[in-house]
Each structure stands twice: as C-alpha cells, then as structure tokens.
Amino acid sequence: EFLLNNNIILGPHEDMEDLVIHLSDKKCQQLRDLHLKLSKHIFSNTLMTFMRNCRFGPDDNGSKNPEYMSLVSKAFHFLLEIPSIAIILKIVAATRDFILVFDFNREWTNYADPFSEPYTNGLFYISGKIYIGAKNLLDPLRVIETYSVIAHELCHFAMFLVFKNMAKPYRESDEFGEQVFQTISDECEAQMEGEEIIKSVYDCYPPEQHHAELVVRAPQMTVLYHNQPEIDLRRALFPTLLDYFEHVSVPTLESALPDIEKE
C-alpha cells in the first residue's frame, strides 16, 4: 500500500533500489520502519516458505487460486499460533526442500497420489512431498479437521528430519527411548476405543510403524481439540503420549532447529 501510494510499481526488469532512490529521507525512513514491523510479524520466513512451497492439484493445473491461497494461509496462521505446533512448522520450513500438495476437490489423497490407500486424508513421503485432502478447508465447520491433518503430516516430516529413524520419535541407537515409547504405545492401545485417531494406529498399520504413527497423533489431537473441553478427556485417556510430545518431543525439536537451519 505504501509503495502504490508513492507510485512505486516494480516491473519485471526493474530493481527496487532504483525506484526508491527518489523518495525523500522521511519517506525512506517510513519504508524502513514498515519493513522492520512486517518482518517481525507472524508473516515470517516460516509462513512465506510454506506459501511458496504449496501446490494445488491434481486438476487445478498448479494454478495459485487466490481463494485457496487465502485458506491455506489461514491454516498456517492457526498452526503457528500454537507453540507446540509452531516448532514443527519451523523445522520443516528450515529445510526449504518440501512440497505440499492440496487437493481442494476431495477429502482424500488417492486422486492426487494413486499409490495412497483409500480414505487417506494426508500422506507424507520422506522425500519431502506431502499430500493433503483439503476439501474441508472450504467448510468453516470442518476446517479444523484439515488443520489437524496438516499438523499430523508435518510432524512426520519433522520427526524424520530430527531423529533420522523413519519418523520414529527417537534415534535408532536409543534403546531406552524405544522402550519408553513402547510403554506409551501399550498404554494407548489399551485405551484406544476412546479415540478413533488413536485406534487407527493399531487397526491400519503394522507393529513396526506404530511408534511413528502414534507420536503424530499428539499434535493432531492438540490441533483438533484446541481450546475445546474435549482436550481434557484426551489428556485423561492418553496422558503419557501427550506429556511425551509436549515435554520430550517439543524441546528436542527446539534444540535441533539451529542445526537444521545451518544444514
């Protein structure tokens, strides 16, 4: 808005420095102040990286539909406002090497990726490609469901990046960590009838994938029931899982972020 009001329109072969050189000292200072203010806003490098790495398909020809862009931006804003989820997004954004494909025409991913199982809402590949069935982002009453799926899939990627153990929440050499999480898994399996999100881990995946699939259910439930009384029931049913995510996984992700940014 500032640039337009001062008749500064950046063309394809123009340099911003050449255009602003004609501004008065006062206007230049206003521009610097605006830039500093906006840079510190949640419109951060994390959000901008995610928006740049989004694709819409498979039958949208990759076009960046303004409505879709707005809905996806709202999703990332929402997730970034939850501290335990924000660190997941920061880890993924720091890699710069990922693609998020949103299918706004369907709840499922199997049309965007024919190799996915039927009725899969989201899909993560260790290559950094992530598919999201995003139809519910068009429904104000169901957007939170898709927000939780985004958190789930991004957590898979963050776990893979940090622990380098096929997205399990501990390193391959960490036998104690594996034993701790097996105990958590046993407790969750005993209570799984109380929550479909947990039940699907044991109904749909082989045992060797239970740990990787279970840990991402913590951020998924955190988002799905954010600021809702239902979250207290989940804390009562799965206390060790949610405590592990908040007090072990999140601090580990936070400490790993600088190294991933350097990489």
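Overview of the structure. (Residues numbered from 1 in each chain as written. Predicted model: local features only at pLDDT ≥ 70, side-chain atom pairs only at ≥ 80, totals over all residues. Heavy atoms only, no water.)

## Looking at the overall build of the protein chain
Okay, step 1: Helices and strands together make up the secondary structure of the protein chain, namely 13 helices and four strands.
Okay, step 2: In terms of its C-alpha atoms, the protein chain occupies a principal-axis envelope of roughly 70 × 40 × 35 Å.
Okay, step 3: In the protein chain, which comprises 263 residues, the share counted as buried stands at 46%.
Okay, step 4: If you take every contact in the protein chain between residues at least 6 apart in sequence, the share linking residues at least 24 apart comes to 64%.
Okay, step 5: Only carbon and sulfur atoms are counted for the fraction: they give 53% of the accessible area of the protein chain, which is about 14600 Å². (Helix = DSSP H or I, 4+ residues; strand = E, 2+ residues; numbered from the N terminus. Buried < 20%, exposed > 50% of the residue type's maximum accessible area, 1.4 Å probe, protein only. Contact = heavy atoms within 4.5 Å. Areas by Shrake-Rupley, 256 points an atom, 1.4 Å probe, with all protein chains shown as cover.)

## Focus on the packing of aromatic side chains
For any two aromatic rings, the description comes down to two numbers: the centre-to-centre distance and the angle of the planes.
Okay, step 1: Taken as a whole, this structure holds 14 aromatic pairs when the rule is applied.
Okay, step 2: Consider the rings of Phe 124 and Phe 157, whose centres lie 5.5 Å apart with planes at 40°: the pair is tilted. One end of the pair, Phe 124, is in strand β3 (residues 122–124); the other, Phe 157, is in helix α7 (residues 143–163), and 33 residues separate them in sequence. This pair shows no difference in class: Phe 124 is buried, exactly as Phe 157 is.
Okay, step 3: Here the aromatic residues Phe 50, Phe 56, Tyr 68, Phe 76, Phe 98, Phe 102 and Phe 104 are joined through ring pairs into a cluster of three or more.
Okay, step 4: For the cation-ring pair, Arg 106 lies above Tyr 111, with the distance from its terminal atom to the ring centre recorded as 3.8 Å. (Phe/Tyr/Trp six-rings, centres within 6.5 Å; stacked < 30°, edge-to-face > 60°. Lys NZ or Arg CZ within 6 Å of the ring centre and 35° of its normal.)

## Section: the side chain of Thr 49
Okay, step 1: Relative to the elements of secondary structure, Thr 49 occurs in helix α4 (residues 45–52).
Okay, step 2: In this view, Thr 49 contacts Ala 93, Arg 96 and Phe 98; residues no more than four positions away in its chain are not counted.

## Some points on the nonpolar core
Okay, step 1: Among the nonpolar cores identified, the biggest contains 73 residues, and Phe 76, Phe 102 and Leu 241 are the most heavily contacted of them.
Okay, step 2: Per element, the largest residue contribution to this core is 13 residues, and it comes from α7.
Okay, step 3: When neighbours within four sequence positions are excluded, Leu 241 is seen to be in contact with Phe 181, Ile 184, Cys 188, Ile 198, Leu 214, Val 215, Ala 218 and Met 221.
Okay, step 4: Counting residues in each nonpolar core, the second largest holds five residues, with Phe 2, Ile 8, Val 20 and Leu 23 among its members. (Core = buried A, V, L, I, M, F, W, Y, C linked by side-chain atoms within 4.5 Å.)

Purely spatial values, then, with no claim about function.
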